[in-house]
Each structure stands twice: as C-alpha cells, then as structure tokens.
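Next come the chains, spelled out residue by residue.
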Amino acid sequence: MALSLNACILLLKEHHLLKSSAVQNDLNTDMTGIAYDSRKVSGPSLFFCKGEKFRPIYLSMAKDNGAITYVAEKPYVEGNGMNALIVVNVTKAMAILAAAFYDYPQDDMTVIAYTGTKGKTTSAYFTYGILNQAHPKHVALLSTIERIVGPNADQRFPSTLTTPESLDLFHEMREAVDNGMTHLVMEVSSQAYLRNRVFGLTYDVGFFLNITPDHIGRNEHPSFANYLHNKMQVLVNARKVVINAETEHFAEVYAAATTTTYPESIYLFASAGFKPAQADLDIDFRYESLSSDTSRSQFKLVPVTDKAAALNVGGQYKLALIGDFNESNATAAIIGAGLAGVDASKAVPGIENVKIPGRMEHVELPGHGTVYVDFAHNYGSLKALLHFLRAEYPKHKLNVVIGAPGDKGISRRPDFAKVLDEYADTAYLTTDDPGYEDPAAICAEIQAAMKNPAVKVETILDRETAIQAALAAADDTTVTAVVAKGEERRQLVRGLRQPYVGDMPAVQHYAEQLKAGE
C-alpha cells in the first residue's frame, strides 16, 4: 500500500478539507505507511495529529520513526522539515485518505450496515450466519463483540469499539478483501458518524432498526436530535435501505432515506398487526410469531409487495435465540441477505442455529432457577428483555443484576431505574465500566431514581460477587437476569482495561460450586 503526496492534496481539495499545505518533498513522493499512533509509524509515513489527548511530542516521535507528512488542523513546530497538510477537519481527512491508502476495499465487497439503539449485534450475527450458509468462509464481520476478517482462527479477534477508527476500519476491510472475503456485515454506531469514522463510506444495504434516547451526555451526543441525526446518516449513505416501520420517529427516518434513495430501493418491515401512521406507505414485509418456548422460537415472514416477493425470502423460520424482539432482528437479517442475493433456501438453515455470545444465553441451576445473560445495556433493550421474561415466566420472581457505565450514557441510570421499578423483584446494583466515576455513586444514582418501594435493592460493587449473591438468593421459582455486559471480559476503570471473568463464566463458576457441594 502507498499513497503519494500529490494524491493526498488532490483528495483533500476534492472534499473541501484542505486549508493549506507546506511541501518539502517532491509531489510524487510515496508514503508507504499511515498512522495516528506514533508508536505504529515505520518508514516514510503519513501521520495524523488527532484527538483531544494529542500532544505535540507524539508528532516528534512519529517524525523520529520515519513519518514525512503530517495532517493536522493547525501547524506544529515539531513538524518542521515535514510536509504539512493543514485541514478543516482531521478526522474527516483521515477517513478520506485511509480509504485511498487501502485502495477502497469497500468496492470489492458487498457491505451491509446496521444501526439502531438496540439489535445491531444480533441482526449482524443473523445476517452473518445466513451469508455464511451461502458463501462459506467468505463473509467478514465487524461487530461490537468481535471482528472476523478471514476464515482462520487467527483472523478473528475481540472488538474494542463497535465501529473502529476510520484508519483501522479501512485496514481491516483491506485485510478482509485480501483474505478472500466477498461480503462484509458491520455495525455502525452513532459515534461512528459523530467522530467521522465512516465519513465517505457508502454501503450496499443500510438498516435502521430503531431509536430510543441513549448515548446523550458529556463525551457523547449533546442532544437526542444530534443522536437521531447521526443514526440516520447510515440511510443517507446506502444504496438500498431497510427500515423497521415500527421505530420511533419513523417519519423523520423515512424522510432521511428518501433524500438519497429512490422509494423503490427502500424496504419497510413490521409485525403482522402493525398499522403505519402514514397510510400511503406500503409495508413490504410482515412477520408473525408462530410458537416459542424457552429454547427456540418460530415465526413466519410474509412478503407483501411485488419487490418484496422478488427477493424470495418468505416462509417459516426457526431461531435458537429466543425473545419476540429477536424475530424483528431476524426479519431484518433475512431481508438484508435477500438484497445480497441469498434466498430462503439458504436463509432458513443459515439463521436457525445462530447463537451470539452474551445475547440471551441461559442456563438452568437446579434449586436456583433460571439464569439469563444478555447485553441489554440501554432503556429499550432492558425493557424488551424484562418484558419478555415477565411474559415467559409470569409466576416467577424476577431478579436483575445490573450496573451502569461511568463517563457516558448518563441517561441510562434513571432509565434503568424506571425499568427496574416496572419489572424487577430484586435489583442487585453493581459495577459496569465505571471509568473515572465512583461505581458506588453510580449505583446510588440508580437507586435514588427508583420509586417502587416493592423492589428490593442490594448494592454489591464486585460484579462476580453480586452475581453469586443473586444466584444464592434464588430458588426454583426465580429468574435471574444478568445484564449489560454480555460477553465483555474487562472493566474500564480510570482509563485502564482491567480483566473481568465475564458474566456467563461467573454464573458457570457458581454452578460448579453447587455441584461440588452436592
């Protein structure tokens, strides 16, 4: 991979990002490296001065390691002797130049992108499962849980961000293409647009699943309007669009889609009984629950319009991932696969046995009831989960182990309190990525917002201890929900990623203790 200095200048001008340039080398000089971390610079490289924590010393280090050009929003004396490209917005510049450096890998794959307050990961995994049925070992995945960029075990690794920084994103996409991947399923967070991580990227299919208030507060979105605006950018930047017609703010979401996409390339789906407020719009797909138990659910997908029928994905589907809300996620995935050319003959077996780490995992503990582990980490997902469990186990006590993160998602604390008031019998408040905040203070904030005196509250800051305490207090008439971390195996504490055993391993460890004590 290489990018010439002249190409950088032309690209930045084309996107109206270049304010000025100071050129020390021949314009045809190639840069064979690209980085925003000075420790990763090696040889003649292009270096980006970005982030609130950027310090000029990092530019000096990059220069010492071989960087010959820097991109920044202001000149730095530490870059004397280097080519300087001064830009309007360094994160947008990085996205544009990273895509060019890695030779636009998105053009060599079918890219399917999901956004939504809840359901992104589940829908992405369902789509991945279906596409893998049709194209074994040729499907890449960029998700909240993991990144899969090739068919081998060493090409699969844990995620740190739902949507990575643009430079990392295009690097991973290039790796996927070089590894023979023909399709990519990815989650796109609102932060990805707020931070310009996907600036300039166009998707073959873009999904809007739902929207509820989340990620609003310091270090995140300043308002719900800003959050919604960033979510809708997935639709503005997609060739074909799929929308859950039951989402809040549907009129605004649909209007955003029509700004860049013709109506015939917009697909709407909804449950069987839903009536849209905009009566002139046709729902293309309807889904209807047929049966469910505590391990499997079955539903029917009905194409309503001619363009829906043309995808050949209608029929009956079974899911190993329970919860009525997952039928909506599955419907989205099936439509997405259909738009990628995969019909029901592959979709039915492809989705049937998909399981997702940390999503609706459950175990039976004799004498201590049923335990569910789920990533439900905001108002919408927590309410959907607990509503489902209440309906599925109407005569059981429902105990919930939950915490809230520090430094972000501040609105989740009163939101969690509201859901716990409505559904829980006992809430075990604990630690969940407190960051630079005091986890005890976060728990106290949740408890202070709770208004239902019938809900018992216990605060146990060590998360594994809290899980074990909840299970010890449970009996065969108890359902325990351990929520908000899912598959995560670390706690973010004061800027450090501290190891954490994981929610399901903590449950399994307690189960082993029970067996040992028999």
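For every chain, the first residue of the written sequence is number 1, and numbering continues from 1 along that sequence. Local features in this predicted model are restricted to residues of pLDDT 70 or higher, and side-chain atom pairs are both shown and tallied only at a pLDDT of 80 or more, whereas totals for entire chains, interfaces and linings draw on every residue. Each side-chain value is worked out from all heavy atoms of the structure, with water and hydrogens disregarded.

*Asks:* Before we move on, could you go through the overall build of the protein chain and cite the residues and values that matter?
*Replies:* Here a helix means four or more residues in a row that DSSP labels H or I, a strand means two or more in a row labelled E, and each is numbered from the N terminus. Secondary structure summary: the protein chain contains 16 helices and 26 strands in total. Taking 2.2 N^0.38 as the reference for a compact globule, 518 residues should give roughly 24 Å; the C-alpha atoms of the protein chain span a radius of gyration of 24 Å, in line with that estimate. Overall, the C-alpha framework of the protein chain stretches about 75 × 55 × 40 Å when taken along its three principal axes. Burial statistics for the protein chain: of 518 residues in total, 56% are counted as buried. Two residues form a contact once any of their heavy atoms are found within 4.5 Å. Considering only intrachain contacts with a sequence separation of at least 6, the fraction spanning at least 24 residues in the protein chain is 66%. Asp and Glu count as negative and Lys and Arg as positive, but His and the ends of the chain are not part of the count. Charge placement uses NZ in Lys and CZ in Arg. For Asp and Glu, CG and CD serve respectively. Placing the 48 positive and 60 negative side-chain charges of the protein chain at their respective mean positions leaves the two points 2 Å apart. Only C-alpha atoms enter the radius of gyration; for comparison, a globular chain is expected to reach 2.2 Å times N to the power 0.38, where N is the number of residues. Partly exposed residues are those whose accessible area sits between 20% and 50% of the maximum for their type, while under 20% is buried and over 50% is exposed, using a 1.4 Å probe and protein chains only.

*Asks:* Pulling in residues and values, what's your account of the packing of helix α13 (residues 412–423) against helix α14 (residues 439–449)?
*Replies:* Across the interface, α13 lies against α14 with an axial gap of 8 Å and an inter-helix angle of 50 degrees. The angle between α13 and α14 places the two elements in the oblique class. Helix-helix and strand crossings are classified by hand; for α13 and α14 the assignment is right-handed. Taken together, the residues of α14 that come into contact with α13 (itself represented by Arg 413, Pro 414, Ala 417, Leu 420 and Asp 421) are Ile 442, Glu 445, Ile 446 and Ala 449. Residue type decides the class: Asp, Glu, Lys and Arg count as charged, Ala, Val, Leu, Ile, Met, Phe, Trp, Tyr, Cys and Pro as nonpolar, and the leftover types, Gly among them, as polar. For the contact of α13 with α14, the per-class residue count stands at 6 nonpolar, no polar and 3 charged. Convention adopted: a line fitted to C-alpha atoms gives each axis, helices being fitted over their contacting stretch, and angles between N-to-C directions are expressed from 0 to 180 degrees. Angle categories: roughly parallel below 35 degrees, roughly antiparallel above 145, roughly perpendicular from 65 to 115, and oblique for all the rest. In a left-handed crossing the near helix is turned counterclockwise from the far helix by less than a right angle, and in a right-handed crossing that turn is clockwise.

*Asks:* Any chance you could break down the pairing of strand β25 (residues 490–493) for me, citing the residues and the numbers?
*Replies:* The rule for pairing is simple: two strands pair if DSSP sees at least two bridges between them. Strand direction decides the pairing type here: β25 and strand β26 (residues 496–499), joined by 4 bridges, are antiparallel. Within β26, the residue paired with Leu 492 across the bridge is Arg 497. Between the end of β25 and the start of β26, which pair antiparallel, lie 2 residues, with Arg 494 showing a positive phi angle near 50 degrees.

*Asks:* Requested: an account of the sheet that holds strand β23 (residues 456–459), with residues and values cited.
*Replies:* Within the open sheet, the 6 strands sit side by side as β19-β20-β24-β21-β22-β23. Their pairing is mixed. The open sheet has two free edges, formed respectively by β19 (361–364) and β23, since each of these has just one partner strand. Ignoring which end each strand starts from, the neighbouring axes of this sheet average 15 degrees apart. Where strand β20 (residues 370–374) meets strand β24 (residues 478–483), 5 bridges bridge the pair, whose relative direction is parallel. Bridge pairing links Thr 370 to Val 479 in β24. Most of the contacts of α13 go to strand β21 (residues 397–402), to which it runs at about 165 degrees, and overall it touches β21 and β22 (426–429).

*Asks:* Residue-level account of α14, with values.
*Replies:* Along α14, the residues classified as buried are Pro 439, Ile 442, Cys 443 and Ile 446. One face of α14 carries all of its buried residues, which in axial projection span an arc of 95 degrees. Looking at the buried residues of α14, the elements they touch are α13, β22 and β23. The backbone nitrogen of Ala 440 lies 3.0 Å from a side-chain oxygen of the residue at the head of α14, namely Asp 438. Arc definition: directions from the helix axis to the C-beta atoms. Throughout this description, a polar contact denotes any pair of N or O atoms lying within 3.5 Å of each other; where both atoms belong to protein, one of them has to be capable of donating a hydrogen while the other can accept it, and for residues adjacent in sequence the pair is counted only when both atoms sit in side chains.

*Asks:* Describe the packing of helix α4 (residues 120–134) against helix α11 (residues 344–352), naming the residues involved and giving the relevant values.
*Replies:* If you want to describe how two helices pack, look at the angle between their axes and the distance between the axes. Orientation of α4 relative to α11, taken along the N-to-C sense of each, is 125 degrees, at an axis distance of 8 Å. In terms of orientation, α4 lies oblique with respect to α11. Note on packing geometry: the crossing formed by α4 with α11 is right-handed. Residues Phe 126, Gly 129, Ile 130, Gln 133 and Ala 134 of α4 form the contact with α11, whose own contacting residues are Lys 346, Ala 347, Pro 349, Gly 350 and Ile 351. Of the residues assigned to the contact of α4 with α11, the class counts are 6 nonpolar, 3 polar and 1 charged.

*Asks:* Talk me through the environment of Tyr 500; I want residue IDs and the actual numbers.
*Replies:* With respect to the element layout, Tyr 500 can be found in the loop between β26 and α16 (503–516). Of the residues examined, Tyr 500 reaches a relative accessible area of 10% and is grouped as buried. Along the primary structure Tyr 500 and Gln 233 are separated by 267 residues, whereas in three dimensions their C-alpha atoms are 35 Å apart. Excluding its chain neighbours within four sequence positions, the residues that come into contact with Tyr 500 are Arg 463, Glu 464, Ile 467, Lys 485, Glu 488, Arg 489, Arg 490 and Gln 491. Of note is the side chain of Tyr 500, whose polar atom sits 2.5 Å from the side chain of Asp 503.

*Asks:* Summarise the environment of Leu 3; cite the residues concerned and give the values.
*Replies:* With respect to the helices and strands, the residue Leu 3 is situated in strand β1 (residues 3–4). Its relative accessible area of 7% is what places Leu 3 among the buried residues. Residues Leu 3 and Ala 98, 95 residues apart in the sequence, show an inter-C-alpha distance of 9.4 Å. When neighbours within four sequence positions are excluded, Leu 3 is seen to be in contact with Cys 8, Thr 29, Asp 30, Met 31, Leu 97, Ala 100 and Phe 101.

*Asks:* Quick one: what's the story with the pattern of salt bridges, residue by residue and with numbers?
*Replies:* Every case where a carboxyl oxygen of Asp or Glu lies within 4 Å of a side-chain nitrogen of Lys or Arg is listed as a salt bridge. According to the stated counting rule, one finds 21 salt bridges in the structure shown. In this structure, Glu 146 engages Arg 156 in a salt bridge whose closest nitrogen and oxygen atoms are separated by 2.8 Å. Of this pair, Glu 146 sits in strand β10 (residues 146–148) while Arg 156 sits in strand β11 (residues 156–158), placing them 10 residues apart in sequence. Arg 174 serves as the salt-bridge partner of Asp 178, at 3.2 Å between the closest nitrogen and oxygen. Taken together, the positions of Asp 178 and Arg 174, both in helix α5 (residues 166–178) and 4 residues apart, correspond to about one turn of that helix. Put simply, Asp 432, Asp 433, Lys 485, Glu 488 and Arg 490 are held in one network by salt bridges that share partners.

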